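Observations on the three-dimensional arrangement
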Amino acid sequence: MRAIWTGSIAFGLVNVPVKAYGATEDHDIDLHQVHDKDGGRIRYERRCEVCGKKIAYKDLDKAYEDGERTIVLTDEDMDALPAEKSREIEVVQFVPAGQVDPLMLEKSYYLQADSKSPKAYELLRRTLQDTEKLAVVRFALRQKTRLGILRVRSKVMVLQAVMWADELRDAEAVAPEKSPRISEQELKMSASLVDQYSSDFTPDEFQDDYQVQLQALIEAKIEQGEDLDTEATFGSPDQDSESGEVIDLMEALKRSIDGRNAKAPAKAAKDGKTAAAEKPAAKKPAKKPAKKAAAAKKPATKKATAKEASSSPHKKKASGSGKKSA
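Residues numbered from 1 in each chain as written. Predicted model: local features only at pLDDT ≥ 70, side-chain atom pairs only at ≥ 80, totals over all residues. Heavy atoms only, no water.

**A short note on the overall build of the protein**
Of regular secondary structure, the protein possesses ten helices and nine strands. Look at the contacts in the protein between residues 6 or more apart in sequence, and 59% of them connect residues 24 or more apart. For the protein, the exposed surface amounts to about 27100 Å²; the carbon and sulfur share of it is 53%. (Helix = DSSP H or I, 4+ residues; strand = E, 2+ residues; numbered from the N terminus. Contact = heavy atoms within 4.5 Å. Areas by Shrake-Rupley, 256 points an atom, 1.4 Å probe, with all protein chains shown as cover.)

Below, the structure written as structure tokens:
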């Protein structure tokens, strides 16, 4: 990974030099646009509306329009902003994790200690970990003053950008004018369904199906070209999938719970087989009780021998007939 920002965390009078690295990456397959007639690549050009010329990126400036005029802001103007020059992540307060609305969270960055003596970094990391709090910070990155939080992940600190309060839209704008009546029985059944779906979050168990299918489509297209049979590649569409508005909510909940209950034994059996497959084929200590049991049954074995003697002619006859038929 390559550092995208270098600066320091200001924690009171304590200064913690750090480097920032992008904590996430995009796994989407890169696609570009082409002309459907001849496959020619479509490119976007920076062309001036006044002179009609293509403009190099280095010759671009930013501008603001107030309705009557266009105010051009050069790179020198932008660099003159005091906040842009700051290379400091300023801790302004510590808050409980539950007070930060997840809706406000944006891109994350790993912070690495940028010092030969990382003691200050480790002190702040341990403090956040032990107090179970988040540090609210202010910082500047890519020509923007940002709000953020510091939290701990494994043995490093993570800086996560946070949206400003006025960037969040009011949820009341899309709230229903009148809430429908929900019965106690509906709530009880819904809670029961939630309980059946509840487990620990394991993100490794999930995959991006769209990207997997897109990769399969690309590979099939390479092999088959324009003769690609998408139904043979992905199977026929599921005709049994229900769609439309649910009329009977109670019936839908009941069927959901019954369906989940039916799946549970199958999953348990599958997990049991997997666990059995992972266990050793045999355990030596488990064989000892079996020998004792065999020893305890010796008298019964003698009786069986006597019985065998009385029925031996039949057995010989049977074996003889077996040879004859062979």
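**Notes on the nonpolar core**
One finds Ile9, Val18, Ile89, Leu111, Val137, Leu150 and Leu159 to be the most contacted residues of the largest nonpolar core, which totals 20 residues. For this core, the secondary structure elements donating two or more residues are strand 1 (5-11), strand 2 (14-22), strand 5 (88-96), strand 6 (105-113), helix 3 (119-131), strand 7 (133-140) and strand 9 (156-162). In this structure leucine 111 touches Ile9, Val18, Lys19, Ala20, Ile89, Tyr121, Leu150, Val156, Met157 and Leu159, once residues within four positions along its chain are discounted. Ranked by size, the runner-up nonpolar core spans eight residues in total, among them Val95, Val136, Ile149 and Val162. (Core = buried A, V, L, I, M, F, W, Y, C linked by side-chain atoms within 4.5 Å. Buried < 20%, exposed > 50% of the residue type's maximum accessible area, 1.4 Å probe, protein only.)

**Here's the deal with the pairing of strand 5**
Alignment of strand 1 against strand 5, held across three bridges, turns out to be parallel. By the bridge assignment for strand 5, isoleucine 9 is matched with isoleucine 89. With six bridges connecting them, strand 5 and strand 7 associate as antiparallel partners. Following the sheet pairing, proline 96 is matched in strand 7 by lysine 133. (Pairing = 2+ DSSP bridges.)

**Focus: helix 3**
Under the 1.5 Å per step criterion, the end-to-end length of helix 3 is 18 Å for 13 residues, consistent within 8% with the ideal 18 Å. What helix 3 keeps buried is the set Tyr121, Leu124, Arg125 and Leu128. Projected onto a plane normal to the axis of helix 3, the buried residues spread over an arc of 100° and lie on a single side. More than 90 degrees from the buried face of helix 3, the exposed residues found are Lys119 and Asp130. Residue glutamate 132 follows helix 3 closely and has a positive phi angle near 55°. (Expected span 1.5 Å × (residues − 1). Arc of directions from axis to C-beta.)

**Topic: a negative patch on the surface**
On the surface, Asp61, Asp75, Glu76, Asp77 and Asp79 cluster together into a patch of negative charge. One can find glutamate 76 in helix 1 (residues 75-79). A relative accessible area of 59% places glutamate 76 in the exposed class. (Patch = residues over 30% accessible without salt bridge, like charges linked within 9 Å, V, L, I, M, F, W, Y side chains within 5 Å. Salt bridge = Lys/Arg side-chain N within 4 Å of Asp/Glu carboxyl O. Lys, Arg positive; Asp, Glu negative; His and termini not counted. Charge placed at Lys NZ, Arg CZ, Asp CG, Glu CD.)

**A look at the sheet that holds strand 5**
Hydrogen bonding along the main chain pairs the strands of a sheet, whether they run parallel or antiparallel. Spatially, the seven strands close up into a barrel ordered 1-2-6-9-8-7-5, and their pairing is mixed. For this sheet, the mean inter-axis angle between neighbouring strands, taken without regard to orientation, is 40°. (Axes fitted to C-alpha atoms, helices over the stretch in contact; angles between N-to-C directions.)

**With respect to the pairing of strand 6**
Both strand 2 and strand 6 contribute to a ladder of five bridges, which runs antiparallel. Within strand 6, the residue paired with tyrosine 21 across the bridge is tyrosine 110. Two strands pair when backbone bridges link them, and strand 6 and strand 9 are joined in this way by five bridges, in the antiparallel orientation. Paired with tyrosine 110 across the strands is valine 158, a residue of strand 9.

**Details of the environment of glutamine 129**
For glutamine 129, the position within the fold is in helix 3. Classification of glutamine 129 by relative accessible area gives partly exposed; the value is 40%. Put simply, glutamine 129 and valine 152 are 23 residues apart on the chain and 6.4 Å apart in space, counted from C-alpha to C-alpha. Sequence-distant contacts of glutamine 129, defined by excluding residues within four places in its chain, comprise Val152 and Ser154.

**Quick notes on the side chain of serine 108**
If you trace the backbone, serine 108 turns up in strand 6. The exposure class of serine 108 is buried, given its relative accessible area of 10%. In this structure the side chain of serine 108 is engaged in a polar contact, spanning 3.1 Å, whose partner is the side chain of glutamine 160. What serine 108 contacts, discounting residues up to four positions off in sequence, is Tyr21, Gly22, Ala23, Thr24, Arg151, Val158, Leu159 and Gln160. (Polar contact = N/O pair within 3.5 Å; in protein donor to acceptor, adjacent residues only side chain to side chain.)

**Side note on the environment of proline 82**
Position of proline 82 relative to the elements: it lies in helix 2 (residues 82-85). The class of proline 82 is exposed, set by a relative accessible area of 66%.

**Quick notes on the pattern of salt bridges**
The full count for this structure, using the stated rule, is nine salt bridges. For aspartate 130, the salt bridge identified is with arginine 126, shortest N-O distance 3.9 Å. Residue aspartate 130 and its partner arginine 126 are both found in helix 3; the two are separated by four residues, about one turn of the helix. With a relative accessible area of 54%, aspartate 130 lands in the exposed category. Measuring nitrogen to oxygen at the nearest pair gives 3.7 Å for the salt bridge that ties glutamate 226 to lysine 221. Of the residues examined, lysine 221 reaches a relative accessible area of 38% and is grouped as partly exposed. Connected through shared salt-bridge partners, Glu45, Arg47 and Lys54 make up one network.

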